[in-house]
Amino acid sequence: AQSVTQLDSQVPVFEEAPVELRCNYSSSVSVYLFWYVQYPNQGLQLLLKYLSGSTLVKGINGFEAEFNKSQTSFHLRKPSVHISDTAEYFCAVRLTGTASKLTFGTGTRLQVTL
Amino acid sequence: NAGVTQTPKFQVLKTGQSMTLQCAQDMNHEYMSWYRQDPGMGLRLIHYSVGAGITDQGEVPNGYNVSRSTTEDFPLRLLSAAPSQTSVYFCASSSGRLAGVSTGELFFGEGSRLTVL
């Protein structure tokens, strides 16, 4: 079975600074990888996804993530964060060729301050 | 666009009471699921369905029942509520199940916050 690890439960950062949110996964077979964002009191929405092809994936709101198969990682980055990026971010993994059952990480709370 | 609609948004129950959380989607999605979100534990899958008449258990199914009589609706029933079921519940749907090019993108409702006293 697959699993996802988000080591950082909270990441504080100043506005306009760069940020990286870490995600590592464990799976013996090929996977699809996702980042979801949850703004306060809302449901989750898709930020970006890796299915195949280029290992650098660009998403909404200026975020990007890089799939590293050898490191089994899918870290999320943004070169300059904004106050409005304050939210909880979830990494998720799904095995290829199976029903849409995602396994989520425990989430990273990104807190952007002035 | 309605997307995924959950009701109620808030509910307080006493231990032992039963209730149903409603979920409806208008995107003709085959796949629907229920998650619970607890602090420090992320989202955990309770039950899921890959089509009308087909349901299966997720990671934490105990104490919950589901049914899928139509493509649109996927209600979650708490049979006898316990304080351990205090949580935020999310319904999510996606198109495609075993399709080779399925994106697996889940569309979430806004959540139902349940408190069991």
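Sequence order as written defines the numbering, with residues in each chain counted from 1. Each chain takes a letter, starting from A, and each ligand takes a number, starting from 1, following the order in which they are written. At least 70 in pLDDT is required for a residue's local features to be given in this predicted model, at least 80 for side-chain atom pairs to be given and counted, and no such filter applies to totals for whole chains, interfaces and linings, which use all residues. Side-chain measures were taken over the full set of non-hydrogen atoms in the model, leaving aside hydrogen atoms and water.

**Observations concerning the state of the cysteines**
- Cysteine sulfurs are considered disulfide-paired once they come within 2.5 Å of each other. Evaluation of the coordinates by the stated rule reveals 2 disulfides over all chains.
- Put simply, A:Cys23 and A:Cys91 are joined by a disulfide, and their sulfur atoms are 2.0 Å apart. The sign of the S-S torsion, about -65°, decides the handedness of the disulfide formed by A:Cys23 and A:Cys91: left-handed. With A:Cys23 in the loop between β3 (19-21) and β4 (24-26) and A:Cys91 in strand β10 (residues 87-95), this residue pair connects regions lying 68 residues apart in the sequence.
- Overall, the relative accessible area of 0% leaves A:Cys23 in the buried class.
- Each residue's exposure class comes from its accessible area (1.4 Å probe, protein chains only) as a fraction of the maximum for that residue type: buried when under 20%, exposed when over 50%, partly exposed otherwise. A relative accessible area of 0% places A:Cys91 in the buried class.
- Each disulfide pairs two cysteine sulfurs, and for B:Cys23 the partner residue is B:Cys91, the sulfurs being separated by 1.9 Å. Disulfide B:Cys23-B:Cys91: torsion about the S-S bond near -70°, hence left-handed. You can see B:Cys23 sitting in strand β3 (residues 19-25) and its partner B:Cys91 sitting in strand β9 (residues 87-94), a full 68 residues away along the chain.
- The class for B:Cys23 is buried, based on a relative accessible area of 2%.
- Look at B:Cys91 and you get buried, because its relative accessible area is 0%. In this text, helices come from DSSP runs of H or I with a minimum length of four residues, and strands from runs of E with a minimum of two, each type numbered from the N-terminal end.

**Quick word on the nonpolar core**
- Counting 28 residues, the largest nonpolar core has A:Trp35, A:Leu48, A:Leu76 and A:Tyr89 as the members making the most contacts within it.
- Put simply, the parts of the chain that give this core at least two residues each are β2 (10-14), β3, β5 (31-38), β6 (44-50), β8 (64-68), β9 (73-78), β10 and β12 (108-113) of chain A.
- Note on contacts: a residue pair qualifies if any of its non-hydrogen atoms lie within 4.5 Å across the two residues. With residues up to four places along the chain from it excluded, the contact list for A:Tyr89 reads A:Gln6, A:Leu21, A:Trp35, A:Tyr36, A:Val37, A:Leu47, A:Phe63, A:Leu76, A:Gly107, A:Thr108 and A:Leu110.
- What we call a nonpolar core is a set of buried Ala, Val, Leu, Ile, Met, Phe, Trp, Tyr and Cys residues that are connected through their side-chain atoms within 4.5 Å. A:Leu102, B:Tyr35, B:Leu45 and B:Phe108 belong to the second-largest nonpolar core, a separate cluster that totals 20 residues.

**A word on the side chain of B:Ser93**
All names here are of chain B.
- When you line up the elements, Ser93 lands in strand β9.
- The class for Ser93 is buried, based on a relative accessible area of 0%.
- Polar contacts involving the side chain of Ser93 include one to the side chain of His29, which spans 2.7 Å.
- Not counting residues within four places of it along the chain, the set of residues in contact with Ser93 comprises Val4, Gln25, Met27, His29, Tyr31, Met32, Glu105, Leu106 and Phe107. What qualifies as a polar contact is a pair of N or O atoms within 3.5 Å, subject to a donor-acceptor requirement within protein and to the restriction that residues adjacent in sequence count only when both atoms come from side chains.

**A short note on the sheet that holds strand β8 (residues 76-78) of chain B**
Residues and elements named next belong to chain B.
- Two strands pair if DSSP finds at least two bridges between them. Ordered in space as β1-β3-β8-β7, the 4 strands form an open sheet in which the pairing is antiparallel. Two strands in the sheet have a free side with no partner beyond their single neighbour: β1 (4-7) and β7 (64-66). Each adjacent strand pair in this sheet contributes to an overall mean axis angle of 20°, direction not counted.
- Here β1 pairs with β3 via 4 bridges, running antiparallel. When the sheet's bridge partners are listed, Thr7 is paired in β3 with Gln22. Here an axis means a line fitted to C-alpha atoms, over the contact stretch when the element is a helix, while the angle between two N-to-C directions is reported on a 0 to 180 degree scale.

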